[in-house]
Amino acid sequence: MAAALRELRARTGLSLAALSERTPYSKSSWERYLNGKSLPPRQAVQELCRLANEPHGRLSALWEIAESGWSGRAASPAPAAEDAASPAPSPTTEAEHPPRPAESGRPRGRRGRLMVVLVSAYAVIVGGAALVFFLLSDRGSPADEPPVDSAPYSLGPQCHGDACEGRDPMRLICSVGPATLTTYRTTTGAHVELRYSEKCGATWARVWGARIGDLVEVTAAGPTRDVRIKDTADEETYVYTQMTAAVPGGTVRACFSPTPPNGERECVEARVG
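Now for a look at the structure at hand. Given the structure is predicted, the values throughout are model-derived calculations rather than measurements.

**A short note on helix 4 (residues 42-51)**
In step 1: Taken together, the buried positions of helix 4 are Ala-44, Val-45, Glu-47, Leu-48, Cys-49 and Leu-51.
In step 2: Following helix 4 by one or two positions, Asn-53 adopts a phi angle in the positive range, close to 55 degrees.

Below you can see the structure in the form of structure tokens.
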């Protein structure tokens, strides 16, 4: 789970300090969660999913399994005291009274019911672990993941320049350590930010505090890319445009168009580098 959380944190491009500013959890708490030193609260997992614009279903299932192991609920119970106290049958007794065959394979009595419950719980845990392994199988082995402080820098960008045109900066690992060219607050209270990745040679815009229907556009040397606030989920987090290629010394322009009749179109420019 810690490896999955580190991947999400890398996708957000946020430092530990920035995570603490945007969530109810401190910088030191996030360091422990991301390094697997302590189990994060379920709400912390959901907060990180929100910041990464990731549905929290997969991580919540992974948290359930991690919590069961952390709390000891998944551990095998010690043998019952009555089993330890029961004397071993003598060879004579076994010869005279051979064991009765099991009836339809079902354990009987209170101990039998306990065994059924334990076996069922074990099957659920193992099945859940297998499901998560299947879901994460294409994301690399958690054992190979470096500590949180170095995790983002071990993830290389997947495109550069024109190859990034119209593509997602999160999924192409361009959002790890980008430069903020400028941040602009609109008259409606939304924040528009121009981002640039030197490693990817591309730029994009992101916005938060916007309203349903608001539109953000970004233009550099190539086509204009845009994103619109679609629903309340978009209102509660930040959304971002696709990338457009940019070069050092070039100009990047972002424009914010609020949904009518909230205001007029506002634009801001910044120079790369």
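There is more to say after this.
**Things to note about the packing of helix 1 (residues 2-12) against helix 4**
In step 1: Two elements in contact, helix 1 and helix 4, have axes separated by 9 Å at closest approach and are oriented at 35 degrees. Relative to helix 4, the crossing made by helix 1 is left-handed. Between helix 1 and helix 4, the residues in contact are Leu-5, Leu-8, Arg-9 and Thr-12 and Val-45, Leu-48, Cys-49 and Leu-51, respectively.

**With respect to the packing of aromatic side chains**
In step 1: Enumeration according to the criterion identifies four aromatic pairs in this entry.
In step 2: Their ring planes at 85 degrees and their centres at 6.1 Å tell us that Tyr-25 and Trp-30 sit as a pair that is edge-to-face. Trp-30 carries the same exposure label as Tyr-25, and that label is buried.
In step 3: Three or more aromatic residues joined by ring pairs form one cluster here, namely Tyr-25, Trp-30 and Tyr-33.

**Comments concerning the pairing of strand 5 (residues 225-228)**
In step 1: Here strand 5 shows a clear split, with Arg-225 and Val-227 buried on one side and none of Asp-226 and Arg-228 buried on the other.
In step 2: In this sheet, strand 5 lies alongside strand 4 (residues 215-219) in antiparallel orientation, the contact comprising four bridges. What sits directly across from Val-218, in strand 5, is Arg-225.
In step 3: In sequence, strand 4 turns back onto strand 5 through a hairpin of five residues.

**Some words on the pattern of salt bridges**
In step 1: Going through the model one piece at a time under the given rule, you end up with nine salt bridges.
In step 2: Measuring nitrogen to oxygen at the nearest pair gives 2.5 Å for the salt bridge that ties Arg-42 to Glu-64. Here the residue Arg-42 occupies a position in helix 4, and Glu-64 occupies one in helix 5 (residues 57-71), the gap between them amounting to 22 residues.
In step 3: Classification of Arg-42 by relative accessible area gives partly exposed; the value is 32%.

**Observations regarding the state of the cysteines**
In step 1: Under the counting rule described, the total for this entry stands at three disulfides.
In step 2: Each disulfide pairs two cysteine sulfurs, and for Cys-159 the partner residue is Cys-164, the sulfurs being separated by 2.0 Å. Measuring the twist about the S-S bond at about 110 degrees, one finds the Cys-159-Cys-164 disulfide to be right-handed. For the residue pair Cys-159 and Cys-164, the accessibility class agrees, reading buried in each case.
In step 3: What pairs with Cys-255 in a disulfide is Cys-267, and their sulfur atoms sit 2.0 Å apart. Looking along the S-S bond of the Cys-255-Cys-267 disulfide, the torsion reads about 110 degrees, which is the right-handed sense. Within this pair, whereas Cys-255 is found in strand 8 (residues 251-257), its partner Cys-267 is found in strand 9 (residues 266-271), the two being separated by 12 residues in sequence.

**A short note on helix 1**
In step 1: Within helix 1, 10 of the 11 residues are buried, which leaves it mostly tucked inside the rest of the structure.
In step 2: Looking only at helix 1, the buried set comprises Ala-2, Ala-3, Ala-4, Leu-5, Arg-6, Leu-8, Arg-9, Ala-10, Arg-11 and Thr-12.
In step 3: One or two steps after helix 1, the chain reaches Gly-13, where phi turns positive at roughly 70 degrees.

**Considerations on the side chain of Ser-60**
In step 1: One can find Ser-60 in helix 5.
In step 2: What Ser-60 contacts, discounting residues up to four positions off in sequence, is Arg-42 and Gln-46.

**Overview of unusual backbone geometry**
What you tend to see is this: most non-glycine residues have negative phi, and most peptide bonds are trans.
In step 1: The step from Pro-260 to Pro-261 runs through a cis peptide bond, and the omega angle for that step is 0 degrees.
In step 2: Residues other than glycine seldom take positive phi values, yet Asn-53 does so here, at roughly 55 degrees.
In step 3: Mapped onto the elements, Asn-53 comes out in the loop between helix 4 and helix 5.
In step 4: Positive phi outside glycine occurs at Ile-173, with the angle close to 60 degrees.
In step 5: Note that Ile-173 resides in the loop between helix 8 (109-136) and strand 1 (179-185).

Criteria and cut-off values
- Residues numbered from 1 in each chain as written.
- Predicted model: local features only at pLDDT ≥ 70, side-chain atom pairs only at ≥ 80, totals over all residues.
- Heavy atoms only, no water.
- Buried < 20%, exposed > 50% of the residue type's maximum accessible area, 1.4 Å probe, protein only.
- Helix = DSSP H or I, 4+ residues; strand = E, 2+ residues; numbered from the N terminus.
- Axes fitted to C-alpha atoms, helices over the stretch in contact; angles between N-to-C directions.
- Left-handed = near helix turned anticlockwise from the far one by under 90°.
- Contact = heavy atoms within 4.5 Å.
- Phe/Tyr/Trp six-rings, centres within 6.5 Å; stacked < 30°, edge-to-face > 60°.
- Pairing = 2+ DSSP bridges.
- Salt bridge = Lys/Arg side-chain N within 4 Å of Asp/Glu carboxyl O.
- Disulfide = S-S within 2.5 Å.

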